[in-house]
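Each chain, letter by letter, is given below.
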4 protein chains.
Amino acid sequence: MIAQPSISRVRVRYAETDQMGVVYYSNYFVWFEVGRTDLLRAGGWTYREMEADGVSLPVIEARCEYKLPARYDDDLEIRTTGTLVSPVRVAFSYEIVRPADAHTVATGQTVHASLDRSGRPCRLPDRVKGLLA
Amino acid sequence: MIAQPSISRVRVRYAETDQMGVVYYSNYFVWFEVGRTDLLRAGGWTYREMEADGVSLPVIEARCEYKLPARYDDDLEIRTTGTLVSPVRVAFSYEIVRPADAHTVATGQTVHASLDRSGRPCRLPDRVKGLLA
Amino acid sequence: MIAQPSISRVRVRYAETDQMGVVYYSNYFVWFEVGRTDLLRAGGWTYREMEADGVSLPVIEARCEYKLPARYDDDLEIRTTGTLVSPVRVAFSYEIVRPADAHTVATGQTVHASLDRSGRPCRLPDRVKGLLA
Amino acid sequence: MIAQPSISRVRVRYAETDQMGVVYYSNYFVWFEVGRTDLLRAGGWTYREMEADGVSLPVIEARCEYKLPARYDDDLEIRTTGTLVSPVRVAFSYEIVRPADAHTVATGQTVHASLDRSGRPCRLPDRVKGLLA
């Protein structure tokens, strides 16, 4: 069974463009964060609550492939799925699509450690595992 | 007659926080941009189209008063109104409110020159004037 | 007696530009932070140490006047001075100059509360007062 | 022969931290840009001039591995090297080191297309090739 991706929407801010007239490349990683935050929210335990409860998911790897430039005021859709990589690691995959022309603007992936309050690796909580593909 | 403010919504991104655990102060100005972009959009002529048509509104003054810290994942409302300052200048006022507790998080103002394609001051287009208070 | 301003240097990053081909307006506030961090550093007690020692200086007001656009790869000088506004408040003033043509690109001001570890207003430490004009 | 890496320095800005108390992950990509800008500058033809002369190097892939958290006010060194991937593509590799403890904070890579003024792939200019490993 393939879990449905979590869908988020962002509209490109002027702040996110650069002098090439397109979105600056690091901003896609901020949108990835929006995507995985929304995926976790769907499980009823927000990342904000998870951190308050003592579990954090710092990024240990991140990558992005840029297909087409996103532009100011574009309305974009972020499709996010998660996978368990090991008992203490989770990966999220992202596809950023521009619904206006159905083009994929970028794809990417982030890998996260699951850490407890003291900063030691801990098993990914079951409530999060239930959201993964 | 007082025009109704334009209402925008933003959810605070992790990227927008700093190590004090609250939103870093420069990010409020990015939200102000979201607010004025939506105000202009309501007139049916987006800022993206306006720029393509040869009129730009660079910021010449900006200020913000910080009332209460906004935090990660807060759902915030930006209330934006515009006023004509002179035939070639427009000001926007912003109030950022957290609907969850009805508190005002910040207020601010930006002043913009109206420039034509050659970078010279030009009269603010009538279509924009119609959106002002 | 007028204290000498603290001098900082920044080179404009591509990330800081927008599609107008100039620096996006919120980034000047980040440079202001660089300026006041360096002013405090000159007193031998960095802001990082100050926070670790339990005193923080959150921004309660910020403003900027934009004179000339800064551009990608510009080498800029930030001239920062501080003033005591009240026993529990400090203001910093900034002038951003482009040495290549001696033009002032922007000026601005930030006002900060002095807070103790519990988040209550506290007297600005004497070591900071010694750095003010 | 292995070319010497180009060395850049950045000091972590408060703006670059997040509420985990460390640098937010997308900011490393901004530092990568600082690194490759300085590498190109060493050849006497800045990226600013290169763009003005009609050649741009948009990012088509980017990745980062995070080893240790960088923190506010850390003084960091970016070591950048470039490699020709194909006649019309160049890759840059980055190592971010904290000289204070000699630890590697992050490593990464970006791949860039070489485009002419009309946006078509073009051979990487010889002046840039001379800077590559």
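In the block above lies the structure referred to throughout.
Residues numbered from 1 in each chain as written. Chains lettered and ligands numbered in written order. Predicted model: local features only at pLDDT ≥ 70, side-chain atom pairs only at ≥ 80, totals over all residues. Heavy atoms only, no water.

Participant: Whenever I open this one, empty space enclosed by the protein confuses me. Can you help?
Facilitator: Think of a ball as big as a water molecule: rolled over the atoms, this probe shows where empty space is left. With the rule as written, the count across this model stands at two cavities of 30 Å³ or more. Volume-wise, the largest cavity comes out at about 680 Å³. In this structure, the largest cavity is lined by 29 residues; those nearest its centre are Ala15 and Asn27 of chain A, Asn27 of chain B, Asn27 of chain C together with Asn27 of chain D. Only α1 (27-41) of chain A, α1 (27-41) of chain B, α1 (27-41) of chain C together with α1 (27-41) of chain D provide two or more residues apiece to the lining of the largest cavity. When the residues that make up the lining of the largest cavity are grouped by side-chain class, the tally is 12 nonpolar, nine polar and eight charged. Approximately 30 Å³ is the volume attributed to the second largest cavity. Along its surface, the second largest cavity is lined by Leu40, Gly43, Trp45, Met50, Arg127, Val128 and Leu131 of chain A. (1 Å grid on protein atoms, 1.4 Å probe; cavity = no way out; pocket = protein on both sides within 12 Å on 5 of 7 lines; lining within 4 Å. Points joined across faces, edges and corners; volume = space filled by probe spheres on them. Helix = DSSP H or I, 4+ residues; strand = E, 2+ residues; numbered from the N terminus. Nonpolar A, V, L, I, M, F, W, Y, C, P; charged D, E, K, R; others polar.)

Participant: Is there a simple way to explain the interface of chain A and chain B in this structure?
Facilitator: The extent of an interface is frequently quoted as the accessible surface area lost upon association of the parts. Contact with chain A, which involves 20 residues of that partner, is made by 20 residues of chain B. A combined buried area of about 1800 Å² lies between chain A and chain B, and 42% of that area is made up of carbon and sulfur atoms. Here chain A and chain B share six salt bridges between them. Across the salt bridge formed by Arg48 of chain A and Asp74 of chain B, the nearest N and O atoms sit 2.9 Å from each other. The interface formed by chain A and chain B holds 16 residue pairs in polar contact (both at pLDDT 80 or more) in total. (Contact = heavy atoms within 4.5 Å. Buried area = accessible area lost by both parts, 1.4 Å probe. Salt bridge = Lys/Arg side-chain N within 4 Å of Asp/Glu carboxyl O. Polar contact = N/O pair within 3.5 Å; in protein donor to acceptor, adjacent residues only side chain to side chain.)

Participant: I'm lost on α1 of chain C in this one. Help?
Facilitator: Residues three or four positions apart in an α-helix share a direction because the helix packs 3.6 residues into each turn. Between its first and last C-alpha atoms α1 of chain C spans 21 Å; for 15 residues at 1.5 Å apiece the expected length is 21 Å, and the two agree. α1 of chain C sits mainly inside the fold: 13 of its 15 residues count as buried. (Expected span 1.5 Å × (residues − 1). Buried < 20%, exposed > 50% of the residue type's maximum accessible area, 1.4 Å probe, protein only.)

Participant: Sorry if this is basic, but what is going on with the interface of chain B and chain C here?
Facilitator: Taken together, the contact pairs 23 residues of chain B with 23 residues of chain C. Of the roughly 1700 Å² buried at the junction of chain B and chain C (both faces included), carbon and sulfur atoms supply 58%. Between the two partners, chain B and chain C, sit zero salt bridges. Looking at the side of chain B that touches chain C, the elements that each hand over two or more residues are α1, α2 (47-52) and β2 (59-66) of chain B. Element by element, the count of residues in the side of chain B that touches chain C is highest for β2 of chain B, at eight residues. Here the residues of the side of chain B that touches chain C sort into 13 nonpolar, four polar and six charged. One ladder, built from five bridges, connects β2 of chain B with strand β2 (residues 59-66) of chain C; its direction is antiparallel. Along β2 of chain C, the bridge assignment pairs Glu65 of chain B with Glu61 of chain C. (Pairing = 2+ DSSP bridges.)

Remember, this is a structural readout, not a statement about activity or role.
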